[in-house]
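# Topology and contacts: notes
If you want the building blocks of each chain, they are given just below.
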Amino acid sequence: MSYSALLVDLVTDLGGCGRSQWLTAFVGQGAKIGAALSMLHMTFNGQRSNFRCDHPHILLSNATFLFDNACKIENGTGQCDNVVFENSIHTVVDEWDLVCERSWIVAIITTIQMAGVLVGCFISGHLGDLIGRKPTFYLSQLILFVFNIVAYFSVNWQMYAVIRFALGMGIGFFLTVHMNLITEMAPSVWRTRIIAVPTWAIGCSSLALVAWLLKDWRHIHLANAVIVLPFLLTFFFIDESVRWLITKGRYNAANNLINRIARMNKKPKPNTSKLIEVATLHAQSDNSKDTHSVIDLFKERRMGNITLGLIFIWITISFSYYGLTFGVGSLAGNLYMNMFLLNIIETPASFVIMYFVNRFGSKKCLMATIQFTTLCGLAAGIVQYIDTPHRGLVTNVFALASKLGLAVGWGCIITYEVELYPTVVRTIAYGLHNTAARVGGMVAPQIVFLVRKLMNRYLA
């Protein structure tokens, strides 16, 4: 019997989806909430309150004393040196006067955060293989907990940008390793269902509630740390992946863990002697084979074309997704409601993916969602230049439709990737394309900043 088949039998003998697997899945999925909140802080923290120029020569009776968001004074002949903000919300923008000539800093902070996600994804892929899934997972939780607290004490935007980079790394660690932790000891029939749980969308949409209740960027960071803490404390209850221990030749540790899982699932300890014997032979066979690298993805013309095409699609989906997410302040209506709707719309995407991929295949599903999202995005852009009383509502509808399409497309392309590459280079290909997606995420805040400047000039 093959090594893979023996591992499948082991999972079945341990109870399939028993208490141990359910606990691991609950922690892994629940921890998404803290990671999602940390990822999207800047959708609120980067919002600009209405402001006015604080100038001693402007009288209270003068209409220009109102919060007119003007960067110049005295009929545009003087530059405003000091601004006063409304007190409705407290963000990093009014904390450090990031308006007018300093407005570019908000986009830079967000891009720095996404750079941290990229670095975190790259490092954690190797770290998860080197020290294990569990230590890497809990390292991500520790980073999110510590740096959300440290963010509360930020004294300037430069310090805050460094903290956002660290939080980005923690998010990257989490995104890379959490699925391995919760699925490697789950039966294959349950893996798709476990992955499809829309916890990320729930976590992202919960930011709207947290921001609405607190309305202060420092308090939001503390709330995020409180949400992460319970999952950090589960370190003593969650097990390492048995698959990882066996592949690393740590058979005694694997046996002890198998005994623990069997007791927790109320199952008899399975006989692992055959599995260990085959695993040893499998490891020796792997050591005799040549190693693979990114270069293998481009050696053949057909595979090289596929790889380049998917890099472009990953970048496009990523910067479109995060462009919409970080650009929520440009939508008409209530900020908190828009934040909630733009993220909760991803919840049905999980069920759409399961149905359409199984019915039509991942390639057709991916192509259809890209076309759908493109049409919705074009429609939203065209509506901006049409003078109609319902322009804001129509724009929001097309933006929500685009976000749904992007969420479905992201799920489809992950499934499609598995079908395109042979096993020996599949993980390498996914790592390359996931890195490309983070590049798209870094570009997104700059696109949002550029669009806002162009729209401000057009409306002026």
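The rules behind the values
- Residues numbered from 1 in each chain as written.
- Predicted model: local features only at pLDDT ≥ 70, side-chain atom pairs only at ≥ 80, totals over all residues.
- Heavy atoms only, no water.
- Helix = DSSP H or I, 4+ residues; strand = E, 2+ residues; numbered from the N terminus.
- Buried < 20%, exposed > 50% of the residue type's maximum accessible area, 1.4 Å probe, protein only.
- Contact = heavy atoms within 4.5 Å.
- Areas by Shrake-Rupley, 256 points an atom, 1.4 Å probe, with all protein chains shown as cover.
- Phe/Tyr/Trp six-rings, centres within 6.5 Å; stacked < 30°, edge-to-face > 60°.
- Axes fitted to C-alpha atoms, helices over the stretch in contact; angles between N-to-C directions.
- Parallel < 35°, antiparallel > 145°, perpendicular 65-115°, else oblique.
- Left-handed = near helix turned anticlockwise from the far one by under 90°.
- Salt bridge = Lys/Arg side-chain N within 4 Å of Asp/Glu carboxyl O.
- pLDDT = per-residue confidence, 0-100.
- Expected span 1.5 Å × (residues − 1).
- Bend = angle between axes of the 7 residues up to and from the residue.

Take the overall build of the chain next. Across its full length, the chain carries 19 helices and 4 strands. By residue count, 49% of the 460 residues in the chain fall in the buried class. Contacts in the chain between residues at least 24 apart in sequence constitute 80% of all its contacts with a sequence separation of at least 6. For the chain, the accessible surface area stands at approximately 22600 Å², while carbon and sulfur atoms represent 65% of it.

For the rest of this paragraph, the subject is the packing of aromatic side chains. The final tally for this structure, using the stated rule, is 16 aromatic pairs. With centroids separated by 6.2 Å and ring planes inclined at 80°, the aromatic side chains of W104 and W157 adopt a geometry described as edge-to-face. Here W104 is found in helix α5 (residues 104-130), whereas its partner W157 is found in helix α7 (residues 157-183), with 53 residues between them in sequence. You can call W104 partly exposed: its relative accessible area is 39%. Overall, the relative accessible area of 16% leaves W157 in the buried class. Three or more aromatic residues joined by ring pairs make a cluster, and in this case those are F137, Y138, F174, F235 and F236.

Our focus in this paragraph is the environment of L310. Here L310 lies in helix α14 (residues 301-326). We classify L310 as buried; its relative accessible area is 4%.

This part takes up the packing of helix α9 (residues 199-214) against helix α10 (residues 217-232). One way to put it is that α9 packs onto α10 with a least axis distance of 9 Å and a crossing angle of 130°. With respect to α10, the element α9 is oriented oblique. In the packing of α9 onto α10, the handedness of the crossing is right-handed. Where α9 approaches α10, its residues L207, V210, A211 and L214 are matched on the opposing element by H219, I220 and A223.

Structurally, the position occupied by I345 is in the loop between α15 (335-344) and α16 (347-360). In the structure, I345 is positioned 60 residues away from G405 in sequence and 9.7 Å away in space, judged by C-alpha atoms. Once residues within four sequence positions are removed from consideration, I345 is found in contact with L400, K403 and L404.

This structure, assessed with the given rule, holds 4 salt bridges. Its salt-bridge partner being D239, residue R260 comes within 3.1 Å of it at the nearest N-O pair. Placement of R260 in helix α12 (residues 251-264) and of D239 in the loop between α10 and α11 (242-247) is noted, with a sequence separation of 21 residues between them.

Note that G16 resides in the loop between α1 (3-13) and α2 (19-39). A relative accessible area of 11% places G16 in the buried class. Between the C-alpha atom of G16 and that of P187, which follows or precedes it by 171 residues, the distance is 5.6 Å.

Now for the confidence of the model for the chain. Chain-level pLDDT for the chain is 82 on average; 88% of the residues reach the 70-or-more range. Summarising per-element confidence for the chain, the mean pLDDT is lowest in strand β3 (residues 78-79) (62) and highest in α10 (95). Confidence drops under pLDDT 50 across residues 59-64; counting only partners more than four residues distant or on other chains, this segment forms 3 contacts.

Even without a glycine there, the phi angle at D97 is positive, about 50°. Among the secondary structure elements, D97 is positioned in the loop between α4 (92-95) and α5. Even without glycine at this site, K215 takes up a positive phi of about 55°. With respect to the helices, strands and loops of the structure, K215 is situated in the loop between α9 and α10.

Moving on, we get to α2. With 21 residues, α2 should cover 30 Å at 1.5 Å per step; its first-to-last C-alpha distance of 30 Å lies within 8% of that length. The buried count for α2 comes to 16 of 21 residues, which makes it a mostly enclosed element.

Another aspect to go through is α5. In this model, α5 (27 residues) spans 39 Å end to end at C-alpha, consistent with the 39 Å of a helix rising 1.5 Å per residue. The axis of α5 is deflected most strongly, by about 30°, at S124.

In the contact formed by α2 and α7, the axes pass within 10 Å of each other and the chain directions differ by 155°. Classified by the angle their axes make, α2 and α7 are roughly antiparallel. Crossing of α2 over α7 shows left-handed handedness. Counting all contacts with α2, which are made through T24, A25, G28, Q29, A31, K32, A35, S38 and M39, the residues of α7 involved are R164, I171, F174, L175, H178, M179, L181 and I182.

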